[in-house]
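Working through the structure, step by step
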Amino acid sequence: MKLVVVESPSKSKTLKKYLGADYEILASYGHVRDLEPKTGAVDTRDFSMKYQVIERNQKHVDAICKAAKKADEILLATDPDREGEAISWHLAEILNEKKLLKPGKLKRVAFYEITESAVKDAVAHPRDISMDLVNAQQARRVLDYLVGFNLSPLLWKKISPGLSAGRVQSPALRLIVEREEEIERFKAREYWTLHLDTHKDRQAFSARLTHFEGEKLTQFSVENEARQAEILKLLESKEAKVMQVEKKRKARHAPPPFTTSTLQQAAVRQLGMTTDRVMRTAQQLYEGIDVGSGTVGLITYMRTDSVNLAKEAVADIRGYIGKKFDQDYLPSQPIHYRAKTKNAQEAHEAIRPTGVARTPDSLKNFLSQDQHRLYELIWKRAVASQMTAAQFDTVAADMMVAQGVFRATGQTLAFAGFLAVYHDDEDDEEEAKLPPLKEGEVLPVDKLYGEQHFTQPPPRYTEASLVKALEEYGIGRPSTYASIISTLQDREYAVLDKKRFVPTDMGRIVNGFLTLHFNHYVDYDFTAKLEDRLDDVSNGKREWTKLLAEFWKQFDSELAAKQDVERGIPLDEKCPKCGSVLNLQASKRGLFIGCSAYPNCDYTRPLHGNEGGPTVLGKHPSGEDVLLLNGRFGWYVQVGATPEDKKAPKPRRASLPKGLAPEAATIEDALKWLSLPREVGHNPKTGLPIVANIGRFGPYLLHDGKFKSIPREDDVYTIGLERAVEVLEMPATRGRGAAAGEKKELGKHPDDGKPVNLQNGRYGWYVSHNKINATLPKDLDPQNITLLDALPLIAAKAEKGGAPKKAAAKKAPAKKAPAKKAAKA
């Protein structure tokens with residue numbers, strides 16, 4: 001018998017089908033060992049490490065060891081990246097310690113797609129464990145441990161308990177905070193553009209002034225209304241003469257197939273998914289879906305920075321294009337791409353479908369909505385990458401009006417090329433079509449006018465643009481982007497407002513403390529160079545313990561020097577009571593400004609102080625002032641002053657969204673917040689009103705005395721009647737809108753054969769297995785959830801200690817203490 005060990009149990013049935021009865025397939029359920037969660041787990045003299053088996057996976061390790069005793073051969077088939085290599089090494093170490101390994105008995109196999117041919121080929125060509133990859137992973141883990149275990153306690157001491165700092169999360173937080181500061185410093189600048197409206201035959205078109213009195217106009221050539229009026233007066237004319245017509249053919253080439261980073265960016269932008277949801281769905285597509293004829297992996301491994309495709313895959317795609325499209329759509333030679341990411345190495349292929357003949361339409365009945373949308377995106381991008389360029393006919397016409405030259409541009413699609421398959425909505429190639437124009441002809445001046453503009457601040461980061469920035473700065477690696485973003489939100493250092501990141505007050509003070517005292521370690525260039533050195537370890541070009549020694553020597557020295565720094569962050573402001581420097585500090589109630597001479601001076605004030613009384617944001621349609629105030633439960637807006645008579649009706653109020661700084665609130669925002677609750681309309685089926693509002697469980701609709709949660713992709717302030725009726729008719733999904741007691745079996749758990757159930761309880765939908773209950777994330781629709789969705793949720797819950805309270809109570813307290821410490825670190 002041969003034993004094959006994989007990471008995820010969802011692969012087991014597929015591999016068993018491919019390899020046959022002579023193979024036993026067991027899962028490690030992710031990492032099997034980690035550093036002991038206490039001081040001393042890493043000896044900084046020689047960087048030896050103390051590992052322990054992760055408690056939640058002890059039973060899986062025991063099962064692997066038991067099977068290994070009987071096995072003639074052990075094949076470690078964990079994922080083909082650094083983490084997967086490290087898991088294989090840890091398993092080998094455990095088996096070796098138990099003296100279960102004979103020479104030549106253990107081998108490493110790696111496959112990048114779960115198809116029969118790929119799996120059998122990998123098994124036929126095993127290799128040794130790559131210690132370069134293992135050491136690179138160990139080095140990363142040690143660095144994260146040293147930073148987190150040493151820097152986080154300093155944050156607890158100098159800012160507030162429970163905070164954390166991370167080697168990669170902290171530079172990412174800095175990006176968000178610095179962008180916000182850039183926006184706050186921004187001062188809008190006025191400028192004007194001047195335009196001509198004209199026509200030929202019956203086709204109207206517009207042109208923009210580019211030159212005036214022989215000089216080329218820049219963005220700020222016309223800075224105010226008076227200047228634009230002056231120019232318009234000088235341009236008064238009844239005719240526009242065509243001086244030059246320039247025609248060009250422009251080619252737009254297909255983008256390369258997806259890497260992890262570009263897939264996350266495109267799925268966030270085009271499908272409205274979160275990075276975490278993208279990776280979770282991609283994992284399901286990779287590990288295998290039952291497509292009627294059996295379970296098969298639909299895409300290649302999804303953690304990769306490579307844009308290469310295997311020769312066989314290119315031939316497969318080109319064959320499909322040749323059959324389905326005219327010959328003009330197929331290039332004479334295969335197209336090869338170069339990775340932009342330095343040290344691209346996490347896998348040897350880009351993300352692609354394992355078989356191009358499995359079209360998105362042919363799989364629609366076998367996939368959930370998320371799976372189908374993501375697979376379609378991956379399939380289209382891969383096919384498009386081997387198609388010819390799109391061709392556009394562009395026209396630019398210069399027209400003279402008095403002393404000014406106006407330019408009109410137009411563009412038409414001449415040949416679709418790859419756009420017949422894939423179009424990224426980030427690029428808008430279409431422009432107005434111009435009528436046929438000839439040099440020397442005269443056109444009428446229908447209208448001359450100016451348009452006022454103001455420069456705009458840089459936009460806040462979306463998940464997609466943050467991923468792009470992380471990649472450009474070299475912060476982290478594609479496989480870590482989703483976890484970086486999740487950590488920043490989980491720690492409440494940043495929140496998503498209108499799908500854009502806004503740093504919280506706590507995020508700002510943490511970033512301020514780190515940039516003040518540990519600037520070197522949140523520096524973008526330093527972080528990127530450290531990643532490059534870790535890549536050198538992966539490639540066998542650098543000794544990992546020397547890298548750690550260099551890092552620790554400097555970090556330990558700086559850490560020791562910062563133990564006695566003052567709490568908080570010093571401000572460029574003096575205490576009005578004693579003249580000492582004021583500090584930005586934190587307490588359980590939030591951030592405040594306090595005197596650095598405390599306890600000798602007790603001066604304090606709120607961070608967003610309202611010492612001069614409420615701030616007037618503007619006028620309400622009723623004519624009363626809209627006020628910004630700070631109360632015992634935080635900041636809020638209010639219509640009109642608070643009446644002195646306590647029995648009088650209270651003014652209309654609305655809380656500020658969590659994480660939004662009060663100084664960022666505008667009258668437009670306030671009126672929007674105050675619009676709730678709002679009547680969306682009357683349900684045409686019942687005649688009863690539908691009301692949209694926000695409650696303690698989030699946005700909801702109220703209809704006929706019943707509550708229904710509003711899906712994340714909809715906006716409580718703008719949801720219309722038609723969409724509201726659709727939402728009300730959806731099956732109950734969470735919280736108050738759900739009918740408790742519903743239960744559905746999703747399938748058998750591959751580990752023990754016991755049922756995995758989808759259930760609806762008092763607090764919403766959850767999945768359960770063997771007394772472990774895991775709440776469904778908000779972005780998972782109970783209607784479409786599958787066994788593959790449920791298994792990782794259950795595994796994650798088990799890892800966090802998901803056993804029932806009665807069972808958990810039986811455990812000795814001594815075993816629980818280190819876990820709490822580790823979680824904080």
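The present account deals with the structure reproduced in this document. Everything quoted here is computed from the prediction, not taken from an experiment.

Some details on the overall build of the protein chain
A count of helical and extended segments in the protein chain gives 22 helices and 36 strands. Per-residue burial for the protein chain yields a buried fraction of 49% across its 825 residues. Of all intrachain contacts in the protein chain linking residues separated by at least 6 positions in sequence, the fraction that spans at least 24 positions is 65%. Accessible area for the protein chain stands at about 41600 Å²; split by element, carbon and sulfur atoms hold 49% of it.

Things to note about helix 4 (residues 116–124)
Each turn of an α-helix holds 3.6 residues, which means side chains three or four residues apart point in the same direction. Taken together, the buried positions of helix 4 are occupied by Ala118, Val119, Ala122 and Val123. Viewed end-on, helix 4 has its buried residues packed into an arc of 130 degrees, placing them on one side of the element. Structural note: helix 4 exposes Ser117 and Ala124 on the side pointing more than 90 degrees away from its buried face. Turning to helix 4, the residues buried within the fold contact helix 1 (12–19), strand 2 (23–27) and strand 7 (73–76).

Looking at unusual backbone geometry
Note: most residues except glycine have negative phi, and most peptide bonds are trans. The omega angle of the peptide bond from Tyr598 to Pro599 is 15 degrees, so this bond is cis rather than trans. Relative to the assigned elements, Pro599 resides in the loop between strand 23 (590–595) and strand 24 (604–606). Here Leu676 and Pro677 are connected by a cis peptide whose omega angle stands at -5 degrees.

A word on the environment of Arg227
With respect to the helices, strands and loops of the structure, Arg227 is situated in helix 7 (residues 225–234). Considered as a pair, Arg227 and Trp192 are 35 residues apart in the sequence and their alpha carbons are 8.9 Å apart. Leave out the neighbours within four places in its chain, and Arg227 touches Phe212, Ser221 and Val222.

Description of the packing of helix 6 (residues 169–185) against helix 13 (residues 463–473)
For the pair helix 6 and helix 13, the least separation of the axes is 11 Å and the interaxial angle reads 120 degrees. For the element pair helix 6 / helix 13, the angle class is oblique. Handedness of the helix 6/helix 13 crossing: right-handed. Residues Ala172, Leu175 and Ile176 of helix 6 form the contact with helix 13, whose participating residues are Leu466, Ala469, Leu470 and Tyr473. Of the residues contributing to the contact of helix 6 with helix 13, the split by class is 7 nonpolar, no polar and no charged.

Overview of the sheet that holds strand 36 (residues 772–775)
Taken together, the 4 strands give an open sheet; going across it, the order is 33-34-35-36, and neighbouring strands pair in antiparallel fashion. Sheet topology places strand 33 (743–748) and strand 36 at the edges, where each strand pairs with a single neighbour. Sheet twist, expressed as the average angle between the axes of neighbouring strands with direction ignored, equals 25 degrees.

Quick word on the pattern of salt bridges
In total, this model carries 40 salt bridges according to the counting rule given. The partner of Arg140 in a salt bridge is Asp535, with the nearest N and O atoms 4.0 Å apart. One end of the pair, Arg140, is in helix 5 (residues 131–158); the other, Asp535, is in helix 16 (residues 524–538), with 395 residues separating them in the sequence. Note that Arg249 and Asp393 form a salt bridge whose closest N and O atoms lie 2.5 Å from each other. With Arg249 in strand 12 (residues 239–252) and Asp393 in strand 15 (residues 390–401), the pair connects residues that are 144 residues apart, well separated along the chain.

Parameters at a glance
- Residues numbered from 1 in each chain as written.
- Predicted model: local features only at pLDDT ≥ 70, side-chain atom pairs only at ≥ 80, totals over all residues.
- Heavy atoms only, no water.
- Helix = DSSP H or I, 4+ residues; strand = E, 2+ residues; numbered from the N terminus.
- Buried < 20%, exposed > 50% of the residue type's maximum accessible area, 1.4 Å probe, protein only.
- Contact = heavy atoms within 4.5 Å.
- Areas by Shrake-Rupley, 256 points an atom, 1.4 Å probe, with all protein chains shown as cover.
- Arc of directions from axis to C-beta.
- Axes fitted to C-alpha atoms, helices over the stretch in contact; angles between N-to-C directions.
- Parallel < 35°, antiparallel > 145°, perpendicular 65-115°, else oblique.
- Left-handed = near helix turned anticlockwise from the far one by under 90°.
- Nonpolar A, V, L, I, M, F, W, Y, C, P; charged D, E, K, R; others polar.
- Pairing = 2+ DSSP bridges.
- Salt bridge = Lys/Arg side-chain N within 4 Å of Asp/Glu carboxyl O.

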